[in-house]
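# Remarks on the overall topology
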Amino acid sequence: MLVHHSPTARLWLLRAATSSYAVRIGDDDTPRQVHWGRPMTLEQAETIPAGAEELIGEGGLATPSLQVRHADGGRGVDWRFDGHEIDGGHLRLHLSDRHYPLAVTLHYRVREDSDAIERHVTLRHTGDSAGDGAGHGAGGSTGDRSGHGPLTITRLDSAAWGLPVLPDYRLSHVSGAWGGEFRVRRGRAAIGETVLTSRAGHTGHHANPWLMADDGSATEERGEVWSAALAWSGSWRITFGRDHEGLAGWSGGFGHEGVTLTLAPGEEIGTPVFAGVYSAEGFGGASRRWHDHIRRHVLKFRDTQPVIFNSWEATEFDISQDRQLELAERAAAMGVELFVVDDGWFGGRTSDERGLGDWWPNPGRFPDGLDPMIKAVGDLGMAFGIWVEPEMVNPDSDLYRAHPDWVHHLPHRERTTQRNQLVLDFSRDDVAAWAHGWLDALAAKVAFLKWDFNRPITQAADEAWIPHVRNVYAILDRLRADHPHLRIEACAGGGGRADLGILARTDQVWTSDNTDAAERIAIQHGFGQIYPARAMGAWVTDSPNAISARPAPLRLRFHVAMAGHLGIGGNLMAWSDDDLAAGAELVALYKDIRPVVHDGDQYRLGTRGVQYIHGERVVVLRWQPSGLDRSAVPLRLAGLEPGARYRDVDSGRTHHGAVLMAHGLPLPMWPFDGVSDLVRLIREDSP
Ligand code: DGJ
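Computed from a predicted structure; not experimentally measured.

About the cut-offs
- Residues numbered from 1 in each chain as written.
- Predicted model: local features only at pLDDT ≥ 70, side-chain atom pairs only at ≥ 80, totals over all residues.
- Heavy atoms only, no water.
- Pairing = 2+ DSSP bridges.
- Helix = DSSP H or I, 4+ residues; strand = E, 2+ residues; numbered from the N terminus.
- Axes fitted to C-alpha atoms, helices over the stretch in contact; angles between N-to-C directions.
- Phe/Tyr/Trp six-rings, centres within 6.5 Å; stacked < 30°, edge-to-face > 60°.
- pLDDT = per-residue confidence, 0-100.
- Contact = heavy atoms within 4.5 Å.
- Expected span 1.5 Å × (residues − 1).
- Buried < 20%, exposed > 50% of the residue type's maximum accessible area, 1.4 Å probe, protein only.
- Salt bridge = Lys/Arg side-chain N within 4 Å of Asp/Glu carboxyl O.
- Near = heavy atom within 4 Å.
- Polar contact = N/O pair within 3.5 Å; in protein donor to acceptor, adjacent residues only side chain to side chain.
- Nonpolar A, V, L, I, M, F, W, Y, C, P; charged D, E, K, R; others polar.
- Core = buried A, V, L, I, M, F, W, Y, C linked by side-chain atoms within 4.5 Å.

### Some words on the sheet that holds strand β35 (residues 645–648)
Each strand in a sheet pairs with its neighbour through backbone hydrogen bonds, running either in the same direction (parallel) or in the opposite one (antiparallel). Judged by pairing direction, the sheet is antiparallel, and its 6 strands sit side by side in the order β32-β33-β34-β37-β35-β36 without closing on themselves. Two strands close off the open sheet at either side, each with one partner strand: β32 (601–605) and β36 (654–656). On average, adjacent strands in this sheet sit at an angle of 25° to one another, irrespective of strand direction. Pairing of β32 with strand β33 (residues 609–614) involves 5 bridges; the strand directions are antiparallel. Note on β33: the bridge partner recorded for Arg604 is Val610.

### Considering the packing of aromatic side chains
Overall, the coordinates contain 25 aromatic pairs when judged by the stated rule. Ring geometry for Trp36 against Trp250: centres 5.9 Å apart, planes inclined by 70°, an arrangement best described as edge-to-face. Of this pair, Trp36 sits in strand β4 (residues 31–37) while Trp250 is found in strand β18 (residues 248–254), placing the two residues 214 residues apart along the sequence. For the ring pair Trp345 and Phe346, a centre distance of 5.2 Å and an interplane angle of 75° mean the geometry is edge-to-face.

### Some details on the sheet that holds strand β3 (residues 20–25)
Sheet architecture is open: 4 strands sit in the order β1-β2-β3-β4, paired in antiparallel fashion. Edge strands, defined here as strands with exactly one partner in the open sheet, are β1 (3–6) and β4. Neighbour to neighbour, the strand axes of the sheet diverge by 15° on average, direction disregarded. Strand direction decides the pairing type here: β1 and strand β2 (residues 11–15), joined by 4 bridges, are antiparallel. Bridge pairing in β2 places His5 opposite Trp12.

### Let's talk about the confidence of the model for the protein
Residues with a pLDDT of 70 or more make up 97% of the protein, whose mean pLDDT is 95. Here residues 132–145 scores under 50 on pLDDT; set against residues more than four positions off or in separate chains, the count is 25 contacts.

### Regarding helix α2 (residues 282–298)
Helix length check: α2 (17 residues) gives 23 Å between terminal C-alpha atoms against 24 Å at 1.5 Å per residue, within 8%. For α2, the buried fraction is high: 14 of the 17 residues fall into the buried class.

### Digging into the pairing of strand β10 (residues 151–156)
In terms of strand pairing, strand β5 (residues 66–69) meets β10 through 4 bridges, oriented antiparallel. Residue pairing for β10: Arg69 is matched across the bridge by Thr152.

### Re the pattern of salt bridges
Using the criterion set out here, one finds 48 salt bridges in the structure. Residue Asp29 pairs with Arg98 through a salt bridge whose shortest N-O separation is 3.3 Å. With Asp29 in the loop between β3 and β4 and Arg98 in the loop between β7 (90–97) and β8 (102–109), this residue pair connects regions lying 69 residues apart in the sequence. Residue Asp29 is classed as buried on the basis of its relative accessible area, which comes to 9%. Of the residues examined, Arg98 reaches a relative accessible area of 41% and is grouped as partly exposed.

### Some details on the site of the ligand
If you check the shell around the ligand, you find 13 residues, and the closest are Asp342, Asp343, Lys450, Asp452 and Asp513. Lys450 has a polar side-chain atom sitting 2.7 Å from an oxygen atom of the ligand. The class makeup of the residues in the shell around the ligand is 4 nonpolar, 3 polar and 6 charged.

### Quick word on the nonpolar core
Grouped together as the largest cluster of nonpolar side chains are 175 residues, with contacts concentrated most on Leu123, Phe240, Trp250, Phe339, Trp345, Phe558 and Ile568. With 8 residues, the top contributor of residues to this core is helix α8 (residues 465–482). Tyr603, Ile613, Leu640 and Tyr646 belong to the second-largest nonpolar core, a separate cluster that totals 15 residues.

Structure representation (structure tokens):
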């Protein structure tokens, strides 16, 4: 059983794969967390006093999870518990306000094969427009005292998560910027509040909606770690709080401060899922639990991720069918399985100044449309994919000239552009229908869409922020349902839209526009804290790198990209014959290790390497971008069977699992810059 209930204690115990969560309805009918951590029985949980609120109300010291203003100016909530429902691993706790027409359901979902506890909230205005209080007490005789007018919501989080009272807490999260996403930050939690947020209308480059907390002693493979990640691709906020008495926890959900939602009588709003994972096996254990959960229950497809070629760095806006076909021939010879034409194929889009929004093939570049190109790529044995940026428009476009009112804007304010573009208001059903129309026609022809988003939303009306994201989700869901063959890559100027919400509708994320191998090691290290390797787009590009100007050997560029979902993003027309041949060999090697990387358990070996275990197969990728970093510290492997032997497929040497974990792989002499290698091991026998 996944959900256990004690009616006398008004307590529910949720059992996830290796952890438990318990919640109790307190004497005042407020739902409170009792336990989140190591496995627990119902009987044991009954002895634990109730702790933090499951949805922090107004009036306390912590940042509220729920802030509502009623029609008569009244605020906050006074809960009455209305009952519960259990449906397999889904628990619903129903609450309503004792005075105002407001009802809330707290949702919890657990599964046997996952440690994620998925939580969200639905909130209903239970009054009716005719003024019937539907059983709720009337508050007075004047005006709208019964609260039947609209409800104003200034904050509606998906969940609050409490932590055990411990002397200290440390927080881990990521920060970044364009070209430098997902940098891990780990530091002591302030006594006070730490806010992680995006106000950009998309997930954001500068922060990502997850966090991990530990007592300061957890390591990569040991210690207790509590973590949570939000399934939302718009603005969001997570507030971590810790006080003098040692109380600690966080609350999080969609939206940013200052944006209010209005709920009319009879209306309901649901929040995105905010999932929590507890690990007693350190940060690596937390990450593996997330990877597993995302692969099993978030991503829709588990089939083989194709090796991609993407034209962006090779040609940028200088696109023509002939040039693309030359690249396609070289990509096919290298073993690429999916050829993707990036920006610049449509309308008047010959630079980032014009054409965005005009989604028909540029007649000068693709005189007979896309069909000949798709056919030629197919004849080369590759699937065909294409770049789109549906939510954006250049003012210099036919679309904007025809529909200037279709963009997000505010009255009396100049429409500010970034990268020469404005954001279409996808909260409008007519705009969403237009986008779905052309995307649906395109999806019938192509195997893959790269869905980009290259500027933040800065000027939207309050009521537009959340429906914009919901309509993007609805379009993606519809495209997936109607075109089962279609695969989608999420991109926002690199890794600005990576979260559990977008991953439920796409297959991968373009991790960063920064493809410098040395910098990618840090970026990928941060991405992989939560998100799995199969969803991490990683290209091999040219040397010196287009962003950093740093040269890097081909093997290092491949070995770093082989730690995720491999793509080739360089200008193959400029590659030497030797590099093309070496590239083909490395692509073939990658196809061999792909199931281990994509479906295996990942162990980070510091930042000097990464290891994957899948069944009896083990893959280690290790790298040393700079000779100055050369370290005599051995790279100790993890997660092996100590009593088993492991054969190196390439050298034929056999190693003991216990020795590999205690003393590491024999170290090569690596005095130079840019060295790396790939080690493939097979477990030969088990003890
Ligand atoms: C930003 C993306 O991250 C790049 O890969 C590329 O698609 C450009 N946009 C195209 O404008």
